[in-house]
Structure formats: structure tokens, C-alpha cells
Amino acid sequence: PGESTLPHEHRQAVGIDLGTTNPLVATVRHGFPQVLTDAENRPMLPSIVHYGADQIEVGYAAQAYQASDPKNTIASVKRLMGRGYADARQLPDTGYILVDTPGMVSVQTAQGVKSPVQVSAEILKSLHERAKDALGGELVGAVITVPAYFDDAQRQATKDAAQIAGLNVLRLLNEPTAAAIAYGLDTAEGEDAKEGIFAVYDLGGGTFDVSILKLTKGVFEVLATHGDTALGGDDFDHRVYCWVLEQAHLSALDANLSAQDVKLLQSKSRSAKEALTTKGVATIRANLSDGHAVNLMLSQAQFFEMSKHLVDKTIRVLDEALAQAKLTSADLSGVVMVGGATRMLNVQRAV
């Protein structure tokens, strides 16, 4: 408000969805939002940073090192943002070495100890470069989305990362609010006008948020927000991974699994979870470095059972958000489902 450019000025800004697993950068062209792609025309950028002895790789290039050099390949760093060491130790094992540093946990890499802010800055730098290439010039700034449940330390850490990446943060926007805008709940007119109370259920790779929004004549008011910044698709992957270890009679201690084997099995577990969105059964096959061969079948019913406690956890958060707003599910006009993890059928059914 009050910051519109003069007619002869051409100032460019972007919006960044700083997703735990796949961030995006977009701008508005001719009144329409457009996701900016990389040189290979890929819209997403995997949230992965690899620290080699003398170079840093980000995104798809870093992804290639997850199996071969897991200790120096940092993924889903958003889960560590603003967290202390003890708090971070409660998250599923990542394969890299956490370091207890003042204020916020850090990670040991081939290029020394790196904070989550520094790792996030590498991802934001890559998105910044992509935006400059696509728009042909410098940016006046960026609006960056954050989970509604991020506390002040996590919000400040996000701003600090953007600053290191050379980005001027125009605003941090709560992800559920961004989702409501993206789905057009605030702009529909006439017969399409949305009135009433909506829940935004946002289950991403590493964070979970619920917001209860009241829409009246295109204006929405946030009645309540609740969430869990340590719950997401990664936890469903981890549950499948633990099941694989049990079924194949392996454990990180007994079988002396190498870091490469751990990453391989984690990757196979994620693929199986994704396959169960459309198939009744998924196959998990892997040849480990010590000669072990893993060959398992995971059914949709088994997956639903083993991850039921995680789905239930999200529903409890949804109930608590409704209670905060002094509402029940019967008061909702609809639910907006956001985040890659909402593709899981058990999640959709529960909601």
C-alpha cells in the first residue's frame, strides 16, 4: 500500500515459496502469476545443498550426492531453522552431523560448520539468480512464505538467510494466507464469491500448518492458526524406512549400514510411499554395499496402518485450531488442501 511505482518506473519483485523440500520462485506478468523455471525448464528446485571440498552445489546438482556423500549433502534444512541442538535431535535421523552452536543448531560439512541460515541462503541465492536471469535485471525485493506457526526466531532466521542471498525481504507471508490467495478465495466475484469459514490444511515435506479463515465479500480474517513445524511428508518416509529395516532384519547398528545404504533405503522408502498414491502395492528393492539384498512388498493398507498416528496427529492439530476459533467442523464451508504430502489418500480421507 502506497508503494506503487510511477508509470515510467519498471521495478521487479518476486514471490518465493520457500518449501521444505521444493522451493519455487514466481512473479506476476500481465496480471497473472507465473512460476520462473531454470535453464532446463524445471519449475522446482530441490531444497538440497552439497558442500564439496572446494565447491557448493544446489538443487538437482546437489541431489546427485545424496547417496554418495550424505554427510555433506543437506536436505530439508527448513526443519532446523531457529531450532536448538536438543530440539533438532528429536527430528528423524538425517545422516549428517549436527553441531551444538549458540542460539541455533548447525551442521558439520567439508567446508566447516554451517548454520541453517547459511544453508538456506544458498538455496535463496539460486532462486535469486534464476529470477534475475528470467526477468533480465535486479529485483526490488521478494515476498517469502513461512509456516504460520514459525516463531520469531524462525522468521528472523528466514530474513537473515534472504539478506545473505542479496534479497530485500518486502514481507514474510504466512503460507496458509498465501494458499487462500492462490486459490482465489479473496477475489472471486458474483456467483463464484466465496463466503464463509475455510480451513487451510497445509502438509508439506517438513512442516504442517492449519489456518481457519473467515471470508466476507473477498476479505478474509484469520480466526486461528495452529501447526507443527516438525511434522510433514519426511516423517511418513521415515516410518516406511523403519519398517524396511525391521522387515529386512537390518538395523543401523547390527548390519553396520553405511551412510550410502541409509540414503539408498530412505530414497526407496520415499518412492514406495509416492507409488502407493496410485497403486495398491509398492515394491522396495535395493542391493546394499555389504551384499545384502532387500526385496519387499508394501501394501497400501500396511502403509495406512503404520502412518495412522501421523495422520491422527494432523487431525488433532486441525481440531485444536477449530477449538481456538470456537468452531466445529460443521461450521466449515470447505477445506483448502496444500502441500505435496496431501496427495496421500489416507490424509485426504481423514480430512
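That block above? That's the structure.
What you see is a predicted model, and the numbers here were worked out from it, not measured in a lab. (Residues numbered from 1 in each chain as written. Predicted model: local features only at pLDDT ≥ 70, side-chain atom pairs only at ≥ 80, totals over all residues. Heavy atoms only, no water.)

**Student:** Can you help me understand the sheet that holds strand 6 (residues 73–75) in this one?
**Tutor:** Whether parallel or antiparallel, the strands of a sheet pair through hydrogen bonds between backbone atoms. Here three strands make up an open sheet; going across it, the order is 5-4-6 and the pairing antiparallel. The open sheet has two edge strands, strand 5 (56–58) and strand 6, and neither has a second partner. Each strand of the sheet is rotated relative to its neighbour by a mean of 15°, with strand direction disregarded. Bridging between strand 4 (residues 48–51) and strand 5 involves three bridges; their strand directions are antiparallel. Across the sheet, Tyr51 pairs through a bridge with Ile56, a residue of strand 5. Strands strand 4, strand 5 and strand 6 of the sheet are contacted by helix 3 (residues 116–135), whose axis makes an angle of about 110° with strand 4. (Pairing = 2+ DSSP bridges. Helix = DSSP H or I, 4+ residues; strand = E, 2+ residues; numbered from the N terminus. Axes fitted to C-alpha atoms, helices over the stretch in contact; angles between N-to-C directions. Contact = heavy atoms within 4.5 Å.)

**Student:** It is not clear to me how the pattern of salt bridges should be interpreted in this structure. Could you clarify?
**Tutor:** Counting across every chain of the model gives 12 salt bridges. Arg270 is the salt-bridge partner of Asp237, the closest N and O atoms lying 3.2 Å from each other. Of this pair, Asp237 sits in helix 6 (residues 233–247) while Arg270 sits in helix 7 (residues 259–275), and the two are 33 residues apart along the sequence. A relative accessible area of 33% places Arg270 in the partly exposed class. (Salt bridge = Lys/Arg side-chain N within 4 Å of Asp/Glu carboxyl O. Buried < 20%, exposed > 50% of the residue type's maximum accessible area, 1.4 Å probe, protein only.)

**Student:** Explain the pairing of strand 12 (residues 196–203) here, please?
**Tutor:** Each regular strand carries side chains that alternate between the two faces of the sheet. Most of strand 12 sits inside the fold, with seven of its eight residues counted as buried. Of the strand pairs in this sheet, strand 12 and strand 13 (residues 208–216) are connected by eight bridges, and their pairing is antiparallel. Considered in strand 13, the bridge of Ile197 is made with Lys214. The loop that links strand 12 with its antiparallel partner strand 13 comprises four residues. In the sheet, strand 12 pairs with strand 17 (residues 334–338) via five bridges, with the strands oriented parallel. Within strand 17, the position partnered with Phe198 by the bridge is Gly334.

**Student:** Help me out: how do you make sense of the nonpolar core in this one?
**Tutor:** In summary, soluble globular proteins display a tendency toward joint burial of nonpolar side chains. If you look at the biggest cluster of nonpolar residues, it comprises 44 residues, and the most contacted ones within it are Ile212, Leu265, Val294 and Phe303. Put simply, the parts of the chain that give this core at least two residues each are strand 12, strand 13, helix 6, helix 7, strand 15 (281–287), strand 16 (293–299), helix 8 (300–306) and helix 9 (308–324). Excluding anything up to four places from it in sequence, Phe303 contacts Phe236, Val240, Lys273, Leu276, Leu298, Met344 and Asn346. In this structure, Ile16, Val77, Leu139 and Val146 belong to the second largest nonpolar core, which totals 39 residues. (Core = buried A, V, L, I, M, F, W, Y, C linked by side-chain atoms within 4.5 Å.)

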